[in-house]
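# Structural description and commentary
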Amino acid sequence: MNINIPDKISKFLVLIGILLLTYGIYRGDQNDQKYFEKIDLYNQWHDSVSINELKTDNYLNNLKSVSEDLAIKYNIKNPIYSTDSTTHFNRLLNGEKNAVLVSDSINKMWETYVQLKFKNKLYHKKADMLDKNLEAEKKFKQDSQGIFINIIVLGFCFLMLGLFLWFIDEHDTKTGVKQSDSIYKWCQSCGKSFSSIRINGLNKDGQANLAFCNCCYDNGEFTKPQLTKEDFLNEALIELKSKPWLVRKLLAVRLNNLDRWNPDKY
Ligand SMILES: [Zn+2]
């Protein structure tokens, strides 16, 4: 396929795709978690409201019972009475001594009961606020969920496009020899360093091939395709005959790692 896409663009797209996917999934998950935490808080609060109401009811029953007992004991009118579903306390400030005494002692319990009722009212208020808060949070969650899904879809598209371009790039056989973007210091066929004299060979389309020198490669093909790596090595060893053993050893290592002799490259 005659598409010349720089290798780095496809890899960049894959990277962006993975980052967007990871971000979208992570933030979406965080968003869910935050919402569920709010639901937990809301449920906990409603539970404590119910428990407090039970406590208040129980306290009121106890208060009624004490008041009734005292009324019988001192033969007076019960200062606690109920109309419909509401309970009232008839406080006596003066009058019969026993009735005032009972009224005083019941008054202390009654004040506690009034405080419990007020506390419950506050708890209900907070529950209502949490209710509204949860509604707003639900809407926010739905809105942001849409954004995160878009990010995930975008990331997936980038990933697929990047992989597709990468695939094309890897299989681009336009010049007969894979053109890599790597910057080579020496020819990937003979191992000799590039210089102003030893310049790059040319591809079929006239562009410089970055991997091979002009002695080894011209017009999109190797000038001496029949030569093996060993031929190149022997020739180089003859040239470097006077050099130390280590230099010759390094040359052999270099030749072994050249692209032309690496079966994975071609
Ligand atoms: Zn060469």
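What this report covers is the structure whose coordinates are included nearby.

How each quantity is defined
- Residues numbered from 1 in each chain as written.
- Predicted model: local features only at pLDDT ≥ 70, side-chain atom pairs only at ≥ 80, totals over all residues.
- Heavy atoms only, no water.
- Helix = DSSP H or I, 4+ residues; strand = E, 2+ residues; numbered from the N terminus.
- Buried < 20%, exposed > 50% of the residue type's maximum accessible area, 1.4 Å probe, protein only.
- Contact = heavy atoms within 4.5 Å.
- Areas by Shrake-Rupley, 256 points an atom, 1.4 Å probe, with all protein chains shown as cover.
- Lys, Arg positive; Asp, Glu negative; His and termini not counted.
- Charge placed at Lys NZ, Arg CZ, Asp CG, Glu CD.
- Core = buried A, V, L, I, M, F, W, Y, C linked by side-chain atoms within 4.5 Å.
- Salt bridge = Lys/Arg side-chain N within 4 Å of Asp/Glu carboxyl O.
- Donors = N, O, S within 2.8 Å, 3.2 Å for Na, K, Ca; no water.
- Tetrahedral: all angles 85-135°; square planar, octahedral: opposite > 155°, others 65-115°.

On a plain count of helices and strands, the protein comes out with 4 helices and 6 strands. Order of helices (α) and strands (β) in the protein, N terminus to C terminus: α-β-β-α-β-β-β-β-α-α. Structurally, the protein occupies a C-alpha span of about 135 × 45 × 30 Å along its principal axes. Looking at the 266 residues of the protein, the share that counts as buried comes to 30%. Of the contacts made within the protein by residues no fewer than 6 positions apart, 61% connect residues no fewer than 24 positions apart. Within the structure as shown, the protein displays about 18,200 Å² of accessible surface, and the carbon and sulfur contribution to it stands at 59%. Side-chain charges of the protein comprise 36 positive and 32 negative groups, with the mean position of each set lying 6 Å from the other.

On to the nonpolar core. Cys187, Cys190, Phe212, Cys213, Cys216, Phe232 and Leu255 are the most contacted members of the largest nonpolar core, which has 16 residues in total. Of all elements in the fold, only β4 (208-213), α3 (229-239) and α4 (245-256) reach the threshold of two or more residues within this core. The dominant element in this core, judged by the number of residues it contributes, is β4, at 3 residues. If we skip the residues at most four places from it in the chain, Cys216 touches Cys187, Ser189, Cys190, Glu221, Phe222, Thr223, Lys224 and Phe232.

The next point concerns the pattern of salt bridges. Counted according to the given criterion, the structure contains 5 salt bridges. The salt bridge partner of Asp32 is Lys141, with a shortest N-O separation of 3.3 Å. Of this pair, Asp32 sits in helix α1 (residues 7-73) while Lys141 sits in helix α2 (residues 97-170), and the two are 109 residues apart along the sequence. By relative accessible area, which is 22% here, Asp32 ends up partly exposed.

Moving on, we come to the coordination of the zinc ion. Here the zinc ion is held by Cys187 (SG), Cys190 (SG), Cys213 (SG) and Cys216 (SG), and the distances to it run 2.3 to 2.4 Å. The site at the zinc ion holds 4 donor atoms, and with the angles between them running 103 to 117°, its shape is tetrahedral. Here the donor residues of the zinc ion share one chain and are spaced in sequence as C-x2-C-x22-C-x2-C. Of this pair, Cys190 sits in the loop between α2 and β3 (200-202) while Cys213 sits in strand β4, placing them 23 residues apart in sequence.

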